[in-house]
There are 2 protein chains.
Amino acid sequence: MAKEKRTVEDMSIWEDARAMIRKAQAEGVETAWDRLEQQTPHCTFCELGTTCRNCVMGPCRVSAKEGSKRKRGVCGADADVIVARNFGRFVAGGSAGHSDHGRDLIEVLEAIVEGETKDYSIRDEPKLRRIAGELGIASEGRATMDVARDLVDACYSDFGSRRKAVGFLSRVPEKRRAIWDKLGMTPRGVDREIAEMMHRTHMGCDNDAPNTLIHAARCSLADGWAGSMIGTELSDVIFGTPTPSMSTANLGILKKDTVNILVHGHNPVVSEMILAAARDPELVARAKANGATGGITVGGLCCTGNELLMRQGIPMAGNHLMTELAIVTGAVEAVVVDYQCIMPSLVQIAGCYHTRFITTANKARFTGAIHFDIHPHNALEEARKIVQLAVDAFVERDPKRVDIPAEPVKIMTGFSNEAILGALGGTLTPLLDAVKAGSIRGFVAIVGCNNPKFQQDSCNVGLAKALIERDIMVLATGCVTTAAGKAGLLVPEAIEMAGPGLKAVCGALGIPPVLHMGSCVDNSRIMQLCALIANELGVDISDLPVGASSPEWYSEKAAAIGMYAVASGVYTHLGLPPNILGSDTVTDLALNGLEGLVGASFAVEPDPIKAADLLDARIKAKRVALGLQP
Amino acid sequence: MAKEKRTVEDMSIWEDARAMIRKAQAEGVETAWDRLEQQTPHCTFCELGTTCRNCVMGPCRVSAKEGSKRKRGVCGADADVIVARNFGRFVAGGSAGHSDHGRDLIEVLEAIVEGETKDYSIRDEPKLRRIAGELGIASEGRATMDVARDLVDACYSDFGSRRKAVGFLSRVPEKRRAIWDKLGMTPRGVDREIAEMMHRTHMGCDNDAPNTLIHAARCSLADGWAGSMIGTELSDVIFGTPTPSMSTANLGILKKDTVNILVHGHNPVVSEMILAAARDPELVARAKANGATGGITVGGLCCTGNELLMRQGIPMAGNHLMTELAIVTGAVEAVVVDYQCIMPSLVQIAGCYHTRFITTANKARFTGAIHFDIHPHNALEEARKIVQLAVDAFVERDPKRVDIPAEPVKIMTGFSNEAILGALGGTLTPLLDAVKAGSIRGFVAIVGCNNPKFQQDSCNVGLAKALIERDIMVLATGCVTTAAGKAGLLVPEAIEMAGPGLKAVCGALGIPPVLHMGSCVDNSRIMQLCALIANELGVDISDLPVGASSPEWYSEKAAAIGMYAVASGVYTHLGLPPNILGSDTVTDLALNGLEGLVGASFAVEPDPIKAADLLDARIKAKRVALGLQP
């Protein structure tokens, strides 16, 4: 956790990061670590979740502690109510991010169907028909665009007010759906649950913390089983379903002799066009004419990077805390962003170099950025302009300020559920047999972010290593991808770090013990995989020897993901707590009470080895309950 | 504004309030004024809007001040970004409240259409057909339920993702729509704009304060011209369009010899059923048998009260700051609530007396309350149980603790636009002639809340009086209703307090100089009236000699209302600022910059006379621009 006067070594486990932090310090560039130091100590009330700004009778700050003079806000809300309201809005923010991203994919598919774009097309028609079938849309013998039109309708309906349940609940085990129905947790519509969360948390609405948290769970389920899932599935339909391939990671993917463009944010819609434009021979020639003899490199940051890594194999420059540092190399001509997790500081840091900071979404403008308003009808054309801008910026690169501090590391990517099933010969049976035999004791998804409160990636990597040693297979998404990749965990050779059972299974299949399953919205793939396994075994998701973890999370979206994982029955570890500790009621519900309601709860533990112990214990217990060896 | 050691006289202008504050103090009952004192001084950062809790790299607090050591949060967001994000979510909270209320009315209409309820029906069929026509639904020769079904579809569509613009924009002057289109401010769907606001304010999305504020405006317009407007219009269809009638107000409406039930919250759906049940002869007889010789009184609080006052003429016990004090009378058997603005403290205060505190909406549970889950299919049946519970509580009333501190004051209510047009003989012409002649110089809507930071109702009443003196007609909704009513401003005799022109016009029509137009969602009536007048004159709303004010506002909904008023072109006064003063950019945009964009801006002024001067100056300027005498 954050300390004063941290050494550079304390800030990150990576040499590329450390070198760039030192360069930033030398060049007077402020980074997230500096700002964390300025912000530490944090306001205790805000940290405990007991401040309220939901009306102007306040702002209020309360404490439930014995002897406190401020037990209630002006309206009368106590710490339980205030913490629950704040956490509810926090989850709504995360759910909204993922889901509004999902909506953008529906709009692109609609533009394809309506012939409003030629820049996008349907690359995976079998998947289109398959998911249409899951949503009850007739597919056989019908024209692709007719099926797609119905799919667009069905997906939009999940964002409306008229459904009793979102469409992909057809994937959820019946036992789980019954639990949700009983608790009033069944997600009806994505936007509806978000808006209702905002309504409930207005002064004088929901003033019963457990009731508010149940809706927070419902809101998150609308994300996991609709907003995010639609985002994933339609991205596959439009851009292709990922299959295993090799790539590379760390700042070494930036090249001295290429124009380096980093795509950052979350959505493949714009970044796929940037990549396509960067492959345009005319622009490559222009890059070479400008002195970039190697042409153009498109590298990935965060989840936009993951999207393109999964499907196009582009190299990954880094995860959340590398986004500032990538610019500090002095070798980046342009950072092209869509939305989410893009530190506003990037504008200032880009300004310290020759780097162009380019925004592409009206809903994510940055003061001081170069903006291109990209829509399905003009995407490739605008992307070409952006790439040209980057290419022309190359001449301003100052070689004396360039420092690319590492050699890239190999990674394997592309493990969609379709790819996993493919590798298994089309059926889950070999995998389940391995689980039953104990060669694979269970699965843990390690997902989410970086947070400068932790030594960067120490927990992400530490936990992954500790789990595979114990024959627990790890599924990685989001910012954990690059962490695991840089640690050498995303290649088949990493089986040497795994326990004997996992080593044998992965060795036979030629896959790594840590599988890269995609971006943060792609955690929906993991939910689907859990549902597939549970349905195959005829049990609930909460009966499976699985767990989830977000060791270094920072984002509201991670809270939404954690919440839908737990509500779906997956025990979930967090490296640090959300701002809920000011309420015993809410904290106890999160850590214990939810277990009785949904068969899973949260655990908070900053130490990765202790976290591995907790997840291992859970997996043991679930294995025993299934009649398996622990 | 809040001071330490306030006298009871400083807390409210009303004798009934003062008496009950004293009684609460004597009986050891804590009220909002006590809690405000505990919370004062407020946290400066929260008050300025410069704290951020939107991720767990923080919480952060920044200051734009020269020499500040914390100019940016950990992510790099500065004061402008943080203030804009917080204000955006604040407006989203308010928009969500109104709009989720509107959705509930659609659900009731759907239940009527589908035959799922007999407790509700269509009371104003001509209005159903009229608004269906406005939304492009064929009506002539069609069965009522067929038209209603199409209306349900159209209204639900306004909550979805597929529209380019919400339906009732058909009411908006063309010039105004063009401004919105140009600015990207046209509201597409209610829930969508709310969810997008949550997305934009996630870390790393919208980091340009003006862009965020434009979406806040769009989100509020989705409230004013869709969510709230649907709430108003469907309530009229289902419960009847208000017509002028007389009633009474203040705590004197509670009777020593009746079972007193107060309905509180915002929605007529439940409260109409409570009223119906309270008129059930069997339950009235039971009340009498229990010793309540006068039977049952149903009184109103806040906007649920306004809804029933407008349509059913029930008496008003009080506004926001009277809700606690009403219970302190010791004469209330039950407070029956739906949602919004219901102080959580009411549970504790009810517990100090024999009062039953009853919740009826799953989205607004209160720990410690008695809950009835009310839906269209069971509403009247459950309402009967609630009324019976109140009737049986009467025997526990302790006459020694009862103090009803006032005699009720007469008020006139029911001024829907239909009623106003009716009073004018079916056309706006007489009203516009009066405006042109200068007898009525203009109109100001005074709306919104109480806030204990002000002497209760001093500004609400002070401003209303100052305006009518200047021949400016006042339109009142929400908590201003009871304020104006208690001050004697809501009766035709109040023309004696008006200027000569207004006195003459109102005198001729037999109406008060302050017209009660409904609840807070009914501010949509005022927007519609502005649009009607602007269309009649062939000008934009921003050209009209009108203004709005919320002198004692406290709620996120008031911020949403203010925002949609300004975005619609109505100059809007607030008695205190939202938590935006930490950003010069946002503050300047609110107070000045918006004028250039949407032709109206906010003004902040705690003093009601100075506020009247500001509104008067605006009206003068607009009159002159229209070629009229100032």
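Model, not experiment: these values are computed from the prediction. (Residues numbered from 1 in each chain as written. Chains lettered and ligands numbered in written order. Predicted model: local features only at pLDDT ≥ 70, side-chain atom pairs only at ≥ 80, totals over all residues. Heavy atoms only, no water.)

All names here are of chain B. Over its 14 residues, helix α7 (residues 144-157) extends 20 Å from the first C-alpha to the last, a length consistent with the 20 Å expected when each residue adds 1.5 Å. Among all positions in α7, only Thr-144, Val-147, Ala-148, Leu-151, Val-152, Ala-154, Cys-155 and Tyr-156 are buried. Considering only its buried residues, α7 is in contact with α5 (79-113), α6 (125-134) and α10 (209-239). (Helix = DSSP H or I, 4+ residues; strand = E, 2+ residues; numbered from the N terminus. Expected span 1.5 Å × (residues − 1). Buried < 20%, exposed > 50% of the residue type's maximum accessible area, 1.4 Å probe, protein only. Contact = heavy atoms within 4.5 Å.)

Following Thr-40 of chain A, the chain continues to Pro-41 of chain A via a peptide bond in cis, the omega torsion being 0°. Tracing the backbone shows Pro-41 of chain A in the loop between α3 (32-39) and α4 (44-48). The omega angle of the peptide bond from Gly-58 of chain B to Pro-59 of chain B is 5°, so this bond is cis rather than trans. The phi dihedral of Cys-341 of chain A falls on the positive side, at around 65°, and the residue is not glycine. Looking at the element boundaries, Cys-341 of chain A is found in the loop between β7 (334-337) and α15 (345-351). Under the relative-accessibility criterion, Cys-341 of chain A is labelled buried at 7%. One non-glycine residue, Asp-457 of chain A, lies in the positive phi region at around 70°. The residue Asp-457 of chain A is located in the loop between β11 (442-446) and α19 (458-469) in this model.

Another aspect to go through is the domain arrangement of chain A. Residue and element names in this part refer to chain A. Considered domain by domain, chain A is made up of domain 1 (79-239), domain 2 (251-401) and domain 3 (413-625). Placing the centre of domain 1 and that of domain 3 at their C-alpha centroids yields a distance of 23 Å. Taken residue by residue, the interface counts 39 residues in domain 1 and 40 residues in domain 3. In this structure, the connection of domain 1 to domain 3 is made through 4 salt bridges. With its nearest N and O atoms 2.9 Å apart, the salt bridge here joins Glu-418 to Arg-130. At the junction of domain 1 and domain 3, the tally comes to 17 residue pairs in polar contact (both at pLDDT 80 or more). Those elements that place two or more of their residues in the side of domain 1 that touches domain 3 are α5 (79-113), α6 (125-134), α8 (174-183) and α10 (209-239). With 15 residues, the single largest contributor to the side of domain 1 that touches domain 3 is α10. Of the residues assigned to the side of domain 1 that touches domain 3, the class counts are 19 nonpolar, 9 polar and 11 charged. (Domains from an automatic or database assignment. Salt bridge = Lys/Arg side-chain N within 4 Å of Asp/Glu carboxyl O. Polar contact = N/O pair within 3.5 Å; in protein donor to acceptor, adjacent residues only side chain to side chain. Nonpolar A, V, L, I, M, F, W, Y, C, P; charged D, E, K, R; others polar.)

Membership of the largest hydrophobic core comes to 463 residues, with the highest contact counts inside it found for Trp-225 and Ile-296 of chain A together with Trp-225 and Ile-296 of chain B. When near neighbours in sequence (up to four residues on either side) are disregarded, Ile-296 of chain A contacts Thr-258, Val-259, Ile-261, Ala-278, Leu-283, Val-284, Ala-287, Val-387 and Val-391 of chain A. (Core = buried A, V, L, I, M, F, W, Y, C linked by side-chain atoms within 4.5 Å.)

Here we come to the interface of chain A and chain B. Counting residues at the interface gives 93 residues for chain A, matched by 93 residues for chain B. Taken together, the two surfaces of chain A and chain B that pack against each other cover about 7,800 Å², and 52% of this comes from carbon and sulfur. Scanning the region where chain A abuts chain B turns up 8 salt bridges. For the salt bridge of Arg-89 of chain B with Glu-556 of chain A, the shortest nitrogen-to-oxygen distance reads 2.7 Å. Summed over the shared surface of chain A and chain B, the result is 61 residue pairs in polar contact (both at pLDDT 80 or more). (Buried area = accessible area lost by both parts, 1.4 Å probe.)

To continue, consider the pairing of strand β8 (residues 356-359) of chain A. Residue and element names in this part refer to chain A. Burial along β8 is two-sided: Arg-356 and Ile-358 facing one way and Phe-357 and Thr-359 facing the other are all buried. Across 4 bridges, β7 lies against β8 in parallel orientation. Paired with Val-335 across the two strands is Phe-357, which belongs to β8. Once you follow β7 into α15 and on to β8, the crossover reads as right-handed. (Pairing = 2+ DSSP bridges. Right-handed = clockwise from strand over helix to strand, strands pointing away.)

In this model, chain A carries a mean pLDDT of 97, and residues with pLDDT of at least 70 account for 99%. Interface confidence for the predicted complex, expressed as ipTM, amounts to 0.98; the pTM equals 0.98. (pLDDT = per-residue confidence, 0-100.)

Here we come to the packing of α5 of chain B against α7 of chain B. Residues and elements named next belong to chain B. In contact at an axis separation of 9 Å, α5 and α7 are set at 150° when each is read in the N-to-C sense. With respect to α7, the axis of α5 lies roughly antiparallel. As α5 packs across α7, the resulting crossing turns out to be left-handed. Packed against α5, whose contacting residues are Ile-106, Glu-107, Leu-109, Glu-110, Ile-112 and Val-113, the element α7 presents Met-145, Ala-148, Arg-149, Leu-151, Val-152, Cys-155 and Tyr-156 at the interface. (Axes fitted to C-alpha atoms, helices over the stretch in contact; angles between N-to-C directions. Parallel < 35°, antiparallel > 145°, perpendicular 65-115°, else oblique. Left-handed = near helix turned anticlockwise from the far one by under 90°.)

The next point concerns the relation of the copies chain A and chain B. Overlaying chain A with chain B gives an RMSD of 0.0 Å, the required rotation being 180° about an axis along which the chain moves by 0.0 Å. Taken together, the rotation and translation relating the two chain copies correspond to the operation of a two-fold axis. Of the residues that chain A buries at the interface, 100% are likewise interface residues in chain B, meaning the two copies contact each other through the same surface. (Least-squares fit on C-alpha atoms with pLDDT ≥ 70 in both.)

Residue and element names in this part refer to chain A. Counted by the stated rule, this structure contains 96 salt bridges over all chains. Glu-30 is paired through a salt bridge with Arg-35; the nearest N and O atoms lie 3.7 Å apart. In this structure Glu-30 comes out as partly exposed when scored by relative accessible area, which is 33%. The network of salt bridges with shared partners includes Lys-127, Arg-130, Glu-134, Arg-171, Glu-233, Asp-236, Glu-307, Arg-311, Glu-418, Asp-522 and Arg-525.

Residues and elements named next belong to chain A. In spatial order, the strands read β13-β12-β11-β14-β15-β16; together these 6 strands make up an open sheet with parallel pairing. Of all strands in the sheet, those with a lone pairing partner are β13 (514-518) and β16 (602-604), marking the two edges. Taken over all neighbouring pairs, the strand axes of this sheet differ in orientation by 25° on average, direction set aside. Bridging between strand β15 (residues 572-574) and β16 involves 3 bridges; their strand directions are parallel. Pairing of His-573 across the sheet is with Ala-603, part of β16. Most of the contacts of helix α25 (residues 608-625) go to strand β14 (residues 546-550), to which it runs at about 160°, and overall it touches β11, β12 (472-477), β14, β15 and β16.

What follows concerns the packing of aromatic side chains. Residues and elements named next belong to chain B. Taken as a whole, this structure holds 8 aromatic pairs over all chains when the rule is applied. Judged by centre distance (6.0 Å) and plane angle (75°), the rings of Tyr-120 and Phe-239 are edge-to-face. Here the residue Tyr-120 occupies a position in the loop between α5 and α6, and Phe-239 occupies one in helix α10, the gap between them amounting to 119 residues. Side by side, Tyr-120 and Phe-239 carry an identical accessibility label, which is buried. (Phe/Tyr/Trp six-rings, centres within 6.5 Å; stacked < 30°, edge-to-face > 60°.)

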